[in-house]
Amino acid sequence: MRIATFNINGVNTRLPNLLAWLEEARPDVACLQELKATDAQFPEAAIRDAGYHAVWKGEHRWNGVAILSRVEPVVTRRGLPGDEADAQSRYIEAAVDGILVASLYLPNGNPRPGPKFDYKLAWFERLIAHAEGLLASGAPVVLAGDYNVVPTEADIYNSRSWKKDALLQPESRAAYARLLDHGWTDALRERFPHDPPPWTFWQYFRQAWERDAGLRIDHLLLSPSAAGRLSDAGVDRVVRGRERASDHAPTWIVLD
């Protein structure tokens, strides 16, 4: 089973890019983030014509997450538990062919310090708490998405101009490390244990793509029973170089 995560940065704006990638890569499951569309604006018909069922949670202008699957997904959650007042569309979870898959879009957190960074850390704590319950179930689980965290200095081309960014702050990295310490496997790091792992994100400005000035913020975390089935992982970086591309590239795993 090939499972991918892709911050599409506007599902309608970049629908041709998405459909082309789905046709080429043919993932069994694709988790999308940053839909930037309401529920009614989600392009269900076009995705169905491409051979995929879809479940989604939209939001006007910002955020939004979806799970596309070749077999019909069964939704288990349409939001991250822990704060009933949180109306942002950042988490959706579904059972797909025996595997529990979550598509998540962790808050960016900039500017720091401030309420947006506080929200990022609070959301992270809720994710850690929920993930602990998922681990306790013993089920194969994949937490896929844009975590907005560069885990280590090896996960960025050069951190000099990013020192004040929320993606690299010690608190952000510590929360991500705690999540892993509870028993989750970072699939891309597992696949590339010695070499710098492939980047998943390149900014639109300062010729970041042309200079390969990238970073790794899109992650697929695997529960122990899913990690035991990991056979490959990678990034479809060619997608980032196309016209009107998202600033992210699809990141994927293969589970036997």
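Parameters and conventions
- Along each chain, the written sequence defines residue order, and numbers are assigned to residues from 1.
- Whole-chain, interface and lining totals are the exception, using all residues; otherwise, since this is a predicted model, local features are given only for residues with pLDDT of at least 70 and side-chain atom pairs are given and counted only at 80 or more.
- Think of the side-chain values as coming from all heavy atoms in the structure, minus any hydrogens and water.
- One speaks of a salt bridge when a side-chain nitrogen belonging to Lys or Arg is within 4 Å of a carboxyl oxygen belonging to Asp or Glu.
- Secondary structure follows DSSP: runs of H or I at least 4 residues long count as helices, runs of E at least 2 residues long count as strands, and numbering of each begins at the N terminus.
- Partly exposed residues are those whose accessible area sits between 20% and 50% of the maximum for their type, while under 20% is buried and over 50% is exposed, using a 1.4 Å probe and protein chains only.
- Definitions used for this entry: grid spacing 1 Å over protein atoms alone; cavity, a set of points where a 1.4 Å probe fits but cannot get out; pocket, an open set with protein on both sides within 12 Å along at least 5 of 7 lines; lining residue, one with an atom within 4 Å of a point.
- Grid points are joined across faces, edges and corners, and a volume is the space filled by probe spheres set on the points.
- For this classification, the nonpolar set comprises Ala, Val, Leu, Ile, Met, Phe, Trp, Tyr, Cys and Pro, the charged set comprises Asp, Glu, Lys and Arg, and every other residue, Gly included, is treated as polar.
- For a helix, the expected span equals 1.5 Å multiplied by the residue count minus one.
- What makes two residues a contact is simply this: any of their non-hydrogen atoms within 4.5 Å.
- It is the directions from the helix axis to the C-beta atoms whose arc is reported.
- As used in this structure description, the phrase polar contact means that two N or O atoms lie within 3.5 Å; if the pair is within protein, one of them must be able to donate a hydrogen and the other to accept it, and residues adjacent in sequence are counted only when both atoms belong to side chains.
- At least two bridges found by DSSP between two strands is the condition for calling them paired.
- Between the N-to-C directions of two axes lies an angle of 0 to 180 degrees, each axis being a line fitted to C-alpha atoms and, for a helix, fitted only over the stretch in contact.

## Let's talk about the pattern of salt bridges
Thought 1: All told, the structure shown has 12 salt bridges when counted by the stated rule.
Thought 2: In this structure, R112 and E171 form a salt bridge, with 3.8 Å as the shortest nitrogen-oxygen distance. Of this pair, R112 sits in the loop between β7 (99–105) and α3 (115–137) while E171 sits in helix α4 (residues 170–181), and the two are 59 residues apart along the sequence.
Thought 3: Given the relative accessible area of 32%, R112 is considered partly exposed.
Thought 4: For R173, the salt bridge identified is with E153, shortest N-O distance 2.8 Å. With a gap of 20 residues between them, R173 in helix α4 and E153 in the loop between β8 (141–146) and α4 connect regions that are remote in the sequence.

## Structural notes on the layout of surface pockets
Thought 1: In this structure, the largest pocket spans a volume of roughly 570 Å³.
Thought 2: In terms of lining residues, the largest pocket is bounded by 26 residues, among which Y105, N108, G109, N110 and N148 are the most central.
Thought 3: Here the residues of the lining of the largest pocket sort into 9 nonpolar, 10 polar and 7 charged.

## Things to note about α3
Note on helix geometry: an α-helix contains 3.6 residues per turn, so any two residues three or four positions apart are oriented the same way.
Thought 1: Its 23 residues give α3 an end-to-end C-alpha distance of 33 Å, which sits within 8% of 33 Å, the value for a rise of 1.5 Å per residue.
Thought 2: Within α3 the residues assigned to the buried category are F117, Y119, K120, W123, F124, R126, L127, I128, H130, A131, L134 and L135.
Thought 3: Looking at the buried residues of α3, the elements they touch are β5 (74–77), β6 (91–96), β7, β8, α4 and α7 (224–227).
Thought 4: Looking at the residues trailing α3, positive phi occurs at G138, about 80 degrees.

## Topic: unusual backbone geometry
Thought 1: Cis geometry is adopted by the peptide bond preceding P111, which originates at N110 and carries an omega value of 0 degrees.
Thought 2: For P111, the position within the fold is in the loop between β7 and α3.
Thought 3: Even without being a glycine, K36 presents a positive backbone phi close to 55 degrees.
Thought 4: Its place among the elements puts K36 in the loop between β2 (29–33) and α2 (44–49).
Thought 5: Taking the relative accessible area as the measure of exposure, K36 reaches 32% and is therefore partly exposed.
Thought 6: In this model, D212 sits at a positive phi of 55 degrees, which is unusual for a non-glycine residue.

## A closer look at helix α1 (residues 15–25)
Thought 1: Regarding α1, the residues found buried are L15, N17, L18, W21 and L22. End-on view of α1: buried residues confined to an arc of 160 degrees, all on one side of the axis. Within α1, the exposed residues directed more than 90 degrees away from the buried face are P16 and E23.
Thought 2: If you follow the buried residues of α1, they end up packed against β1 (2–7), β2, α2 and β4 (65–69).
Thought 3: Just past α1, the residue R26 takes up positive phi, approximately 50 degrees.

## Comments concerning the side chain of Q33
Thought 1: Note that Q33 resides in strand β2.
Thought 2: Here the side chain of Q33 touches S103 through a polar contact of 3.1 Å, side chain to side chain.

## Overview of the environment of P43
Thought 1: Secondary-structure assignment places P43 in the loop between β2 and α2.
Thought 2: Placed 31 residues apart in sequence, P43 and N12 show a C-alpha to C-alpha distance of 6.9 Å.
Thought 3: With sequence-adjacent residues up to four places away left out, P43 is seen in contact with V11, N12 and L15.

## Structural notes on the sheet that holds β2
Thought 1: One open sheet accounts for 6 strands, arranged β3-β4-β2-β1-β12-β11; its pairing is mixed. Across the chains shown, the open sheet's two edge strands, defined by having one partner strand only, are β3 (53–57) and β11 (230–235). The sheet shows a mean angle of 15 degrees between the axes of neighbouring strands, taken without regard to direction.
Thought 2: Helix-sheet contacts for α1 involve β1, β2 and β4, and the interaxial angle to β1 is about 160 degrees.

## What to know about the environment of L215
Thought 1: Mapped onto the elements of the fold, L215 is located in the loop between α6 (208–211) and β10 (218–222).
Thought 2: Of the residues examined, L215 reaches a relative accessible area of 0% and is grouped as buried.
Thought 3: When the C-alpha atoms of L215 and D155 are compared, they prove to be 5.6 Å apart, with 60 residues separating the residues in sequence.
Thought 4: Setting aside chain neighbours within four positions, we find L215 in contact with V150, D155, I156, W162, L167, W199, T200 and F201.

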